[in-house]
Every structure is written in structure tokens, then in C-alpha cells.
Amino acid sequence: MNLWLLAAAVLLVAAFGPALCVAAVAAPERRLIAQNLATVVGALAFLLMAQGYGRSPYRDAALVLAVLGPAGTLVYARFLGVLPSSRTVLYGAAIGVPAVVGPVCAAVGPGREMVKVLVIGALLVAGGTVTSVKGDRHG
Amino acid sequence: MVSTVIVIALVLVGGAATAAVFNRDPTRQALVLSFLGLSLALLFMAVQAPDVALSQLAVGSAVTPLMILLAVRKVKRESTDQDGDESESP
């Protein structure tokens, strides 16, 4: 029984699944929020899977997604003409990222890999904050 | 445990693909399509193919939806230009 993979599975079912449901049926602004949330959740799932499989290079995917996710959300915001503020993403990133990055850091131990994990976490929190803080920003 | 993650990722891919098919508006479809890209990347990672997952992330979650959005914008602009020409010509 691998607890990391179990956590990844729970994260996918509890957060990615509902986001997919919202993205499939809701209004465009809510779809954008769901897409934003899904990139954060996806990156966290990549981190957990990398730990679960015991292969540190797998974390590169989380790093790429942490960079590409907010950029993609901003591109969509540009085309849809609105960047909706969202507490779900903001709190999800503020609570979920430390909840995953903390244990992963503890398991990795001090060193270069820990710095990488911390950078991924910081990118995720920064990206989630930039794309979801309250404000009247259009297009 | 590994197979559980693979099954979940497969179900997500199936759900995202079905949702992409049933959304007819291209702009909304592009957002669902980015979900499909992300789910596929998760599936590839679950079956331990990180290189494929990386390329799928870049292509599926950013580039393909961007192309669709750009194409939709261009088509809309051209159709409004044509409408403008037709209304001016008579």
C-alpha cells in the first residue's frame, strides 16, 4: 500500500473530478475557474505520483505544469475577456499546496531536490494567487 | 494501488473526451479540450511514461486550445468583415 499514490488518487477523485464536471457544463467564467483549479490539482498529483513511484525526475512534469498552468489560464482570460476571481482556487492553492509540498519535502530530505519541490510549491501558490485574486480586471 | 490511479486517470480521460464531444461551442470546447490534455498527461504519468506526459502537457493543455481560440477569433472577425461589406455594398 503506497500512501503517496493513495493521496494522488484521492486528490484526483475529490478535486479533479468535480472540476471536470464544472468545466463540462457551467458558464465560461466558471469553466475558467475549474481549469485553473485543475492545473493546481494536476501539478500536486504529479508531485505525489513522483514520490509514490520513487522517481525524482518525474517531478519535472509538476514543474512544467506549475509554469504552463497559470500562463494558460491568463491566455484563456485574454480570449474570454474576463479573469474571474475565485476563492476556491485561492484557498485551494494556499492550503492544498503546503499540505502536499510539506510532506513531500519531509520525505525528500534536505538537498537540491527539496529546493526543486519548494520552487514548484512557490510557483503554484504564486500562479494561483495571480489568476484568482479579487479585482476588476477585464481582458 | 498503481492500478487504482491508472483506472481513475482512465475514467477522467473518458469523461473529458465525452464532454469535449458533447460541447458544440468551440470556445467552451477549447477549455474542455485542455482538461482532456491534462487528464491524458495524468494517465501517461500513472503508467510511468513521464516524457510522453511532458510533451502532452505542453501540447494538450496549452498549444492546441490556443490554436482553436485563435482560429475561432479569426473566423469570427472575417465573418463580421464580410457582413460589413455586404451591408455597405447595396
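Residues numbered from 1 in each chain as written. Chains lettered and ligands numbered in written order. Predicted model: local features only at pLDDT ≥ 70, side-chain atom pairs only at ≥ 80, totals over all residues. Heavy atoms only, no water.

Remarks on the UniProt feature "transmembrane region" (unreviewed entry) in chain A
Residue and element names in this part refer to chain A. In the numbering adopted here, UniProt assigns the feature "transmembrane region" (unreviewed entry) to residues 33-50, 62-83, 89-108 and 115-133. As annotated, residues 33-50 comprises 100% helix and 0% strand, and the C-alpha atoms at either end are separated by 26 Å. Annotated as 86% helix and 0% strand, the span residues 62-83 places its first and last C-alpha atoms 24 Å apart. (UniProt positions renumbered as here; feature names shortened; annotations may be inferred. Helix = DSSP H or I, 4+ residues; strand = E, 2+ residues; numbered from the N terminus.)

Some remarks on helix H1 (residues 3-25) of chain A
The end-to-end C-alpha distance of H1 of chain A, which contains 23 residues, comes to 33 Å, matching closely the 33 Å that a straight helix rising 1.5 Å per residue would cover. Taking the largest bend as the criterion, H1 of chain A deviates by roughly 30°, centred on Leu12 of chain A. Of all the positions in H1 of chain A, only Leu5, Ala8, Ala9, Leu12, Ala15, Phe16, Gly17, Ala19, Leu20, Ala23 and Ala24 of chain A are classed as buried. The elements touched by buried residues of H1 of chain A are helix H2 (28-53) of chain A together with helix H1 (2-22) and helix H2 (26-46) of chain B. (Expected span 1.5 Å × (residues − 1). Bend = angle between axes of the 7 residues up to and from the residue. Buried < 20%, exposed > 50% of the residue type's maximum accessible area, 1.4 Å probe, protein only. Contact = heavy atoms within 4.5 Å.)

Observations regarding the interface of chain A and chain B
Each side of the interface is counted separately: chain A has 38 residues, and chain B has 32 residues. Carbon and sulfur atoms supply 82% of the area buried between chain A and chain B, which totals about 3,200 Å² over both sides. When the area that chain A buries against chain B is broken down by residue, the three leading residues are Tyr53, Tyr76 and Phe79 of chain A, summing to 20%. Linking chain A to chain B there are 0 salt bridges. Across the chain A-chain B interface, the total number found is 5 residue pairs in polar contact (both at pLDDT 80 or more). Where the side of chain A that touches chain B is concerned, the elements lending two or more residues are H1, H2 and helix H3 (59-80) of chain A. Across the side of chain A that touches chain B, the residue classes break down as 29 nonpolar, 5 polar and 4 charged. (Buried area = accessible area lost by both parts, 1.4 Å probe. Salt bridge = Lys/Arg side-chain N within 4 Å of Asp/Glu carboxyl O. Polar contact = N/O pair within 3.5 Å; in protein donor to acceptor, adjacent residues only side chain to side chain. Nonpolar A, V, L, I, M, F, W, Y, C, P; charged D, E, K, R; others polar.)

A few points about H2 of chain B
Residue and element names in this part refer to chain B. Over its 21 residues, H2 extends 29 Å from the first C-alpha to the last, a length consistent with the 30 Å expected when each residue adds 1.5 Å. Buried residues dominate H2, accounting for 15 of its 21 residues. Of the residues one or two after H2, Gln48 is the one with positive phi, at around 60°.

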